[in-house]
Amino acid sequence: MQKINLLGLTLEQLKLKFLEHGLCALDAKRVFPWIHTKLAFSFDIMSDVPLAVRKILKNNYTLARPKCSVLQKSSDGTQKALLEMEDGNSVESVFIPDARRTTVCISTQIGCAVGCKFCHSGTQRFIRNLSSSEIISQIFFWKAEKSITNIVFMGMGEPLLNFENLSNVLSLLLNKKAHNFSRHKITISTSGIIEKAITNLAKFGVKLAISLHASSDEKRSFLMPINNRYPIKMLLAAAEEYRKSSNTSCVTFEYLLLRDFNDTEIDALELARLLKSCNCKVNLIMYNNWPGAPFFGSDENRANEFSRTLLSHNIRTLLRKSKGIDILAACGQLKGKST
Ligand code: SF4
């Protein structure tokens with residue numbers, strides 16, 4: 001019989017699972033902090049859990065984490081891990097340090113069905129959702145050696161298409177008796193699955209980043225086929241609704257700068273016009289090449305001009321520096337391995 005991985009279970013789910021094997025709620029209450037605050041690798045060290053209970057735990061459950069088959073280190077301090085799941089599939093997960101924070105970028109699916117043209121992950125066909133244990137175990141992996149201040153769900157996959165498992169993970173990350181992250185330190189990035197964002201995600205109050213990448217439906221649909229279902233007008237309305245219902249200060253729009261495709265002065269002016277009455281922030285992202293990528297990134301001058309144009313129209317704009325480019329760990333460059 002396959003053992004159940006406990007890493008991704010909330011306390012309530014743990015209590016229910018334990019009942020199935022004759023364990024009680026108190027056992028679950030004792031085990032929970034060992035998993036999430038002491039990051040225990042084994043049931044053996046759970047000193048306040050009776051020996052007989054530990055035996056049942058060992059026979060039926062596991063705290064297994066994915067194996068790291070490759071760890072790459074960038075010259076800028078970024079690290080990328082290829083983490084192998086039990087079924088042989090693997091995903092990439094990234095640690096990004098900078099002067100003020102340490103961020104980890106987490107994957108939620110093996111492959112991705114959304115198929116954005118600019119994205120390396122999107123070239124790997126969708127295999128399956130990661131379980132909540134597989135998602136949170138990426139955080140366990142980094143936490144074992146490093147302290148983490150911020151978490152972004154921007155790795156492989158569309159997080160909101162794996163909402164049930166994501167939702168478990170968010171509950172655990174925000175739980176004061178588990179990982180105790182502030183909701184302001186967690187960002188979910190979406191290609192624009194907006195009804196899920198508003199109806200389900202808003203209750204967690206975490207930050208939302210929507211991949212916009214174009215100021216016209218024509219260009220966005222070319223880059224992201226999902227735009228045919230959720231066009232820009234719907235995204236803007238949803239962003240405002242999310243801001244209100246999640247009680248966050250603003251929603252971020254991500255905008256990849258693609259040379260001669262969406263980075264001209266006209267593009268910047270159109271974007272400024274589109275967002276002028278929106279309570280939002282724009283993250284401009286330098287496009288990072290990967291083998292076979294169909295676009296080139298903007299040069300620095302063009303990116304700076306684009307940023308200046310938005311700022312001159314009072315759009316809150318941040319031109320983000322990419323990190324980990326030399327190890328293909330930057331935005332849109334991740335790719336796992338599927339069996
Ligand atoms: S950008 Fe995100 S949603 Fe689009 S293909 Fe890549 S992983 Fe999937």
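What counts and how
Residues numbered from 1 in each chain as written. Predicted model: local features only at pLDDT ≥ 70, side-chain atom pairs only at ≥ 80, totals over all residues. Heavy atoms only, no water. Helix = DSSP H or I, 4+ residues; strand = E, 2+ residues; numbered from the N terminus. Expected span 1.5 Å × (residues − 1). Buried < 20%, exposed > 50% of the residue type's maximum accessible area, 1.4 Å probe, protein only. Domains from an automatic or database assignment. Contact = heavy atoms within 4.5 Å. Buried area = accessible area lost by both parts, 1.4 Å probe. Salt bridge = Lys/Arg side-chain N within 4 Å of Asp/Glu carboxyl O. Polar contact = N/O pair within 3.5 Å; in protein donor to acceptor, adjacent residues only side chain to side chain. Pairing = 2+ DSSP bridges. Core = buried A, V, L, I, M, F, W, Y, C linked by side-chain atoms within 4.5 Å. Disulfide = S-S within 2.5 Å. Patch = residues over 30% accessible without salt bridge, like charges linked within 9 Å, V, L, I, M, F, W, Y side chains within 5 Å. Areas by Shrake-Rupley, 256 points an atom, 1.4 Å probe, with all protein chains shown as cover. Lys, Arg positive; Asp, Glu negative; His and termini not counted. Charge placed at Lys NZ, Arg CZ, Asp CG, Glu CD. Axes fitted to C-alpha atoms, helices over the stretch in contact; angles between N-to-C directions. Parallel < 35°, antiparallel > 145°, perpendicular 65-115°, else oblique. Left-handed = near helix turned anticlockwise from the far one by under 90°. Nonpolar A, V, L, I, M, F, W, Y, C, P; charged D, E, K, R; others polar.

1. Thoughts on helix α4 (residues 132-143)
Item 1. Across its 12 residues, α4 extends 17 Å between first and last C-alpha, which sits within 8% of the 16 Å expected from 1.5 Å per residue.
Item 2. Across the 12 residues of α4, 10 count as buried, placing the element largely inside the fold.
Item 3. For α4, the complete set of buried residues consists of Ser-132, Ser-133, Glu-134, Ile-135, Ile-136, Ser-137, Gln-138, Ile-139, Phe-140 and Trp-142.

2. Quick word on the domain arrangement of the protein chain
Item 1. Split into domains, the protein chain comes out as domain 1 (4-62) and domain 2 (67-327).
Item 2. Look at where the C-alpha atoms of domain 1 and domain 2 centre, and you get two points 33 Å apart.
Item 3. Listed by partner, the interface residues are 12 residues for domain 1 and 13 residues for domain 2.
Item 4. Both sides of the domain 1 and domain 2 interface together cover about 1000 Å² of buried area, and 67% of this is carbon and sulfur.
Item 5. Linking domain 1 to domain 2 there are 0 salt bridges.
Item 6. Here domain 1 is connected to domain 2 by 6 residue pairs in polar contact (both at pLDDT 80 or more).

3. Concerning the pattern of salt bridges
A side chain of one charge can pair with a side chain of the opposite charge if their charged atoms are brought near each other.
Item 1. Enumeration according to the criterion identifies 12 salt bridges in this entry.
Item 2. The partner of Lys-17 in a salt bridge is Glu-20, with the nearest N and O atoms 3.6 Å apart. In this pair, Lys-17 and Glu-20 are both assigned in helix α1 (residues 11-20), 3 residues apart and thus about one turn of the helix distant.

4. Some thoughts on the pairing of strand β3 (residues 67-73)
Item 1. The sheet contact formed by β3 and strand β4 (residues 79-84) spans 6 bridges and is antiparallel. In the sheet register, Lys-67 faces β4, and the bridge partner there is Glu-84.
Item 2. The turn joining β3 and β4, which pair antiparallel and follow one another in sequence, is formed by 5 residues; a positive phi near 100° is taken by Gly-77.

5. Examining the nonpolar core
A general tendency of soluble globular proteins is for nonpolar side chains to be buried together.
Item 1. Counting residues in each nonpolar core, the largest one holds 101 residues, and the members touching the most others are Phe-153, Leu-201 and Leu-275.
Item 2. Lining this core are residues from two domains, each supplying at least three of them: domain 1 (4-62) and domain 2 (67-327).
Item 3. In this structure, Val-94, Cys-105, Met-154 and Ala-209 belong to the second largest nonpolar core, which totals 5 residues.

6. A look at the pairing of strand β5 (residues 90-97)
Item 1. For β5, the tally of buried residues reaches 7 of 8 residues, placing the bulk of the element in the interior.
Item 2. With 6 bridges joining them, β4 and β5 adopt antiparallel strand pairing. Looking across to β5, one finds that Leu-82 is bridged to Glu-92.
Item 3. The hairpin formed by β4 and β5 contains 5 residues between the paired strands, and Gly-88 there has a positive phi angle of roughly 95°.
Item 4. As paired elements, β5 and strand β6 (residues 102-105) share 4 bridges and run antiparallel to each other. Bridge pairing links Phe-95 to Val-104 in β6.
Item 5. Taking the residues that link successive antiparallel strands as the turn, the β5-β6 hairpin has 4 residues.

7. Comments concerning the state of the cysteines
Item 1. In this structure the tally under the stated criterion is 0 disulfides.
Item 2. Cys-278 provides the cysteine sulfur closest to Cys-280, a residue in no disulfide bond, and the two sulfurs are 4.2 Å apart.

8. Structural notes on the side chain of His-36
Item 1. Mapping His-36 onto the fold places it in helix α2 (residues 25-36).
Item 2. Overall, His-36 belongs to the buried group, its relative accessible area being 1%.
Item 3. Of note is the side chain of His-36, whose polar atom sits 2.9 Å from the side chain of His-179.
Item 4. Residues in contact with His-36, not counting those within four places in the same chain, are Leu-7, Leu-9, Ile-136, Phe-140, Leu-172, Ala-178 and His-179.

9. Thoughts on a negative patch on the surface
Item 1. On the surface, Glu-265, Asp-299, Glu-300 and Glu-305 cluster together into a patch of negative charge.
Item 2. Within the secondary structure layout, Glu-305 lies in helix α10 (residues 300-312).
Item 3. Given a relative accessible area of 40%, Glu-305 falls into the partly exposed group.

10. A word on the sheet that holds β4
Item 1. Spatially, β3-β4-β5-β6-β9-β10-β11-β12-β13-β14 is the arrangement adopted by the 10 strands of the open sheet, whose pairing is mixed. Each edge of the open sheet carries a strand with a single partner, namely β3 and β14 (316-320). This sheet shows a mean twist of 20° between the axes of neighbouring strands, independent of strand direction.

11. Focus on the packing of helix α5 (residues 163-174) against helix α6 (residues 194-201)
Item 1. Look at α5 against α6: their axes get within 12 Å of each other, and the N-to-C directions meet at 40°. Viewed along their axes, α5 and α6 adopt a mutual orientation that is oblique. Read as a crossing pair, α5 and α6 show a hand that is right-handed. Contacts from Phe-163, Leu-166 and Leu-170 in α5 reach Lys-196, Asn-200 and Leu-201 in α6.
Item 2. Counted by class, the contact of α5 with α6 contains 4 nonpolar, 1 polar and 1 charged residues.

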